[in-house]
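Each chain, written out:
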There are 2 protein chains.
Amino acid sequence: MREIGLADVDDIARGAGILGTGGGGDPYLGKLLAETAITRHGPITVVTIDEVAPDAVVIPVAMLGAPTVCQEKLPNGTEALTALRALEAATGTEATHLVPIEIGGMNSLVPLALAAETGLPIVDGDAMGRAFPEAQMTSFAIHDLPMYPLTLADVRDNAVIVARAQSWKWMERLSRTACVAVGSIAGTCKAPRTGKEVKECGILYTTTKAIRLGQAVQAARREHRDPVQAVIDAERGLRLFTGKVQDVARRATEGFLRGTALLEGLDADRGHAFRLAFQNEFAVGWLDGVVRVTTPDLICVLDTVSGDAVGTETLRYGQRVTVVALPAAPVLLTPKGLEHVGPRAFGYDLDFRSVFA
Amino acid sequence: MREIGLADVDDIARGAGILGTGGGGDPYLGKLLAETAITRHGPITVVTIDEVAPDAVVIPVAMLGAPTVCQEKLPNGTEALTALRALEAATGTEATHLVPIEIGGMNSLVPLALAAETGLPIVDGDAMGRAFPEAQMTSFAIHDLPMYPLTLADVRDNAVIVARAQSWKWMERLSRTACVAVGSIAGTCKAPRTGKEVKECGILYTTTKAIRLGQAVQAARREHRDPVQAVIDAERGLRLFTGKVQDVARRATEGFLRGTALLEGLDADRGHAFRLAFQNEFAVGWLDGVVRVTTPDLICVLDTVSGDAVGTETLRYGQRVTVVALPAAPVLLTPKGLEHVGPRAFGYDLDFRSVFA
């Protein structure tokens, strides 16, 4: 058990921005939400899974939508609470813990804000070990845990429950269309998990991982070392490309932010080109037209100087960036895992070959 | 209290087809569903509102969607039951009665089929006294009763609950997008009503009205009288136009069937033209380019020879039809009623002037 206070939020935001692989929403917005909630309600209790009873009621929490939308339509922080109360009412249970669905961007901080508001402890872990765009792209789904009920709420007092779904794909479709209907940004609580299920099927210790990663970047800056190298060292990552953003094509469609970015090589990569495709998160990277890296390897685009992550919605012409790959959680690399989150799950007719293989 | 058996279904289907003003779904499909359910489970008990306890739990039932879709994708009869069970589970209550949302087309018969299946009695009445396309177009909405929860289920084991909605318009939008996501046809249960609410805010005795209307048409046929005149006499209606369908423009869009039909005059109307616009149901009729009739007056298109209703999805070139207006329930004609179901509610910049005024 440890406490998370105001001083930690900055580290989490920085670390989760990197683990978000371009998505999960702008961590700066999440930081504001978490700071506001902690200032109002006091620090948050983070527990390890060993401190959670097997029959605990752990509610996975996130914001759902297209990261671009958040740039204009800020979350106000009540969406997730409305979703939580709707889930408790629909299931007749009371939450004992919260857990982030994804430890990426804003979505690592929204559950913290909700934890501060409700006084519920948060489990150190998540269900992706990164960020992914769709409902079936979680370790809970890979383990075939029950997928419903899911609740979704907006800021206007609208709340939708997906009470039953024929498959994870249907769960994704039903929750996504509801999300689009309320403006492509909503708070969501997924099917409640027992402590035992989170222990067996979650991806653990990722909140503290985000803190460590954020601290590593900050330490490197303070000590005038290369923050990008600090990220690579902290996570045993791989530097893939250093360049300048030459072009970004971006569209918010079907509740997602989809597009591509083209990087022009600098320094050792001068004369080469790197192309990135994204659906909220970076999904595939091509070096000079040849596939270099694909999901579920974490494809992180970092500011070359500061080491801060650049989101798919904030990427823009002229930025100096370095593309880094970080290793994915083992469950994502299993055959069942790759069915859910491999390149084919994103519509790319490619076999997954890890850059770490 | 009375029983509805196999012998009554045909009359209800015929009468509800007429009251459906072109929509509510093909009554033939509803007839098959009700006949199957009665054959399997026995006759249905219909009660008058005076036989319903003030604290009874009355669940409004319907199929939601675009009538055209039903022509290719038949309901299988389990959708409404799934929606009912989801509503009972979400609210922790048990239904004591069912009531149709609209006494139009298939939607007068789907609640009967569900009543046979569940053994629940059905209240003689509905919330429209006809058919309308949208959630806020009910007498319950006009009376500002609580609008949620609403449940919606398809044939695949998908079920969505709108647990909260900011307004009736949001309720319509959220339930409609869920309906479109599952293929523009779904079973739905609306917010439970107490017996007292149905008594004060429902439109009563419309199931028996549909039976009487169906019987009137059948009697006229048997006795070689004009069935269209029989409808007019039974409901104090008005003959507006007799002609031949010259053109139909129809599209299934946003979960609705929208379009227009052009009639060429025959007999006394030779040389004149009548145009109809519809959104699931007929909404406005123009005689020679001048508005002749608008919602909420019931605009019924009947086969000139048989007196059977012609649905907006079955209307086609060459049909000989007579356009008849029937009076709407008084609640629809109040200023608040017209806000919900007058021509402006359908996007027409027209004041309502009843053909019966």
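Residues numbered from 1 in each chain as written. Chains lettered and ligands numbered in written order. Predicted model: local features only at pLDDT ≥ 70, side-chain atom pairs only at ≥ 80, totals over all residues.

Trainee: What's the story with the pairing of strand S17 (residues 298–303) of chain A in this structure? I'm lost.
Mentor: Residues in a regular strand project their side chains so that they alternate between the two faces of the sheet. Residues and elements named next belong to chain A. S17 sits mainly inside the fold: five of its six residues count as buried. Pairing analysis gives six bridges linking S17 to strand S18 (residues 320–326), with the strands arranged antiparallel. Residue pairing in the sheet places Cys300 in a bridge with Val324 of S18. (Buried ≥ 20, exposed ≤ 12 C-beta atoms within 10 Å, placed from the backbone. Helix = DSSP H or I, 4+ residues; strand = E, 2+ residues; numbered from the N terminus. Pairing = 2+ DSSP bridges.)

Trainee: Would you mind going over the nonpolar core with me for this structure?
Mentor: Within soluble globular proteins, side chains that are nonpolar generally end up buried alongside one another. With 256 residues, the main nonpolar core has Val231(A) and Val231(B) as its most contacted residues. With residues near it in sequence (within four places) discarded, Val231(B) still touches Ile18(B), Leu213(B), Ala216(B), Val217(B), Gly237(B), Leu302(B), Gly307(B) and Val324(B). (Core = buried A, V, L, I, M, F, W, Y, C linked by C-beta atoms within 7 Å. Contact = placed C-beta atoms within 7 Å.)

Trainee: Help me understand the sheet that holds strand S17 (residues 298–303) of chain B, please; the structure alone is not making it clear to me.
Mentor: Think of a sheet as strands paired side by side through backbone hydrogen bonds, with each pair either parallel or antiparallel. Residues and elements named next belong to chain B. With antiparallel pairing, seven strands are arranged side by side in an open sheet as S16-S15-S14-S13-S12-S18-S17. One side of each edge strand has no neighbouring strand; the edge strands of this open sheet are strand S16 (290–294) and S17. Put simply, the sheet's adjacent strands are angled 35° from each other on average, direction ignored. Bridge count for strand S15 (residues 281–287) against S16 is four bridges, and the pairing is antiparallel. Residue Trp286 lies in a different strand from S16, and its bridge partner there is Val291. Along the sheet, helix H10 (residues 227–235) makes contact with strand S12 (238–253), S17 and strand S18 (320–326), crossing S18 at roughly 5°. (Axes fitted to C-alpha atoms, helices over the stretch in contact; angles between N-to-C directions.)

Trainee: Is there a simple way to explain the packing of helix H4 (residues 79–91) of chain A against helix H5 (residues 110–118) of chain A in this structure?
Mentor: Describing two packed helices takes the angle between their axes plus the distance from one axis to the other. All names here are of chain A. Packing of H4 against H5 leaves a shortest axis separation of 9 Å and a crossing angle of 70°. When the axes of H4 and H5 are compared, the pair comes out roughly perpendicular. The way H4 lies across H5 gives a crossing that is right-handed. In this structure, H4 uses Ala80, Leu81 and Leu84 to contact H5, whose residues at the interface are Val110, Leu114 and Glu117. (Parallel < 35°, antiparallel > 145°, perpendicular 65-115°, else oblique. Left-handed = near helix turned anticlockwise from the far one by under 90°.)

Trainee: Teacher, can you tell me more about the sheet that holds strand S12 (residues 238–253) of chain A here?
Mentor: Residues and elements named next belong to chain A. Strands sit in the order S16-S15-S14-S13-S12-S18-S17 across an open sheet of seven strands; the sheet is antiparallel. Looking at the sheet topology across the chains shown, the edges are occupied by strand S16 (290–294) and S17. Strand-to-strand twist across the sheet, computed as the mean angle between neighbouring axes with direction ignored, equals 35°. Across six bridges, strand S14 (residues 273–279) lies against strand S15 (residues 281–287) in antiparallel orientation. Looking at the pairing, Phe274 lines up with Leu287 of S15.

Trainee: Sorry, what's going on with the packing of helix H1 (residues 6–19) of chain A against helix H9 (residues 206–222) of chain A here?
Mentor: Residue and element names in this part refer to chain A. As a packed pair, H1 and H9 sit with axes 7 Å apart at the nearest point and diverge in direction by 95°. On the basis of their axis angle, the class for H1 and H9 is roughly perpendicular. Two secondary-structure elements touch here, H1 through Asp8, Asp10, Asp11, Ile12, Ala13, Arg14, Gly15, Ala16, Ile18 and Leu19 and H9 through Thr207, Lys209, Ala210, Ile211, Arg212, Leu213, Gly214, Gln215, Val217 and Gln218. Here the residues of the contact of H1 with H9 are counted per class, giving nine nonpolar, five polar and six charged. (Nonpolar A, V, L, I, M, F, W, Y, C, P; charged D, E, K, R; others polar.)

Trainee: Please clarify how the relation of the copies chain A and chain B should be interpreted in this entry.
Mentor: Both copies of the chain are tied together by a single rotation about an axis and a shift running along it. Note on the copies: chain A fits chain B at an RMSD of 0.0 Å, the axial shift is 0.0 Å, and the rotation between them is 180°. Such values leave the two copies arranged in the relation of a two-fold axis. Interface residue correspondence from chain A to chain B reaches 100%, placing this contact among same-surface, isologous pairings. (Least-squares fit on C-alpha atoms with pLDDT ≥ 70 in both.)

Trainee: Please explain the interface of chain A and chain B as it appears in this structure.
Mentor: Size of an interface: often given as the accessible area lost when the parts come together. Listed as interface residues are 20 residues of chain A and, on the opposing side, 20 residues of chain B. At the level of elements, H4, strand S8 (159–164) and helix H7 (168–181) of chain A are the ones that each hand at least two residues to the side of chain A that touches chain B. Here S8(A) pairs with strand S8 (residues 159–164) of chain B via five bridges, running antiparallel. Bridge pairing in S8(B) links Val160(A) to Val162(B).

Trainee: Quick question: what am I supposed to make of the domain arrangement of chain A here?
Mentor: All names here are of chain A. Taken domain by domain, chain A consists of domain 1 (2–206) and domain 2 (237–346). In this structure, domain 1 and domain 2 have C-alpha centres spaced 24 Å apart. With 31 residues of domain 1 in contact, the opposing surface of domain 2 contributes 28 residues. Mapped onto the side of domain 1 that touches domain 2, the elements with two or more residues apiece are H1, helix H3 (67–72), helix H6 (139–142) and H7. Among the residues forming the side of domain 1 that touches domain 2, the class breakdown is 14 nonpolar, 13 polar and four charged. (Domains from an automatic or database assignment.)

Trainee: Sorry if this is basic, but what is going on with the environment of Val52(A) here?
Mentor: Residue and element names in this part refer to chain A. The topology assignment puts Val52 in the loop between strand S2 (44–47) and strand S3 (57–65). The class for Val52 is buried, based on 22 C-beta atoms found within 10 Å. In the structure, Val52 is positioned 44 residues away from Thr96 in sequence and 9.3 Å away in space, judged by C-alpha atoms. For Val52, the contacting residues outside a window of four places in its chain are Val47, Val58, His97, Val123, Gly195 and Val198.

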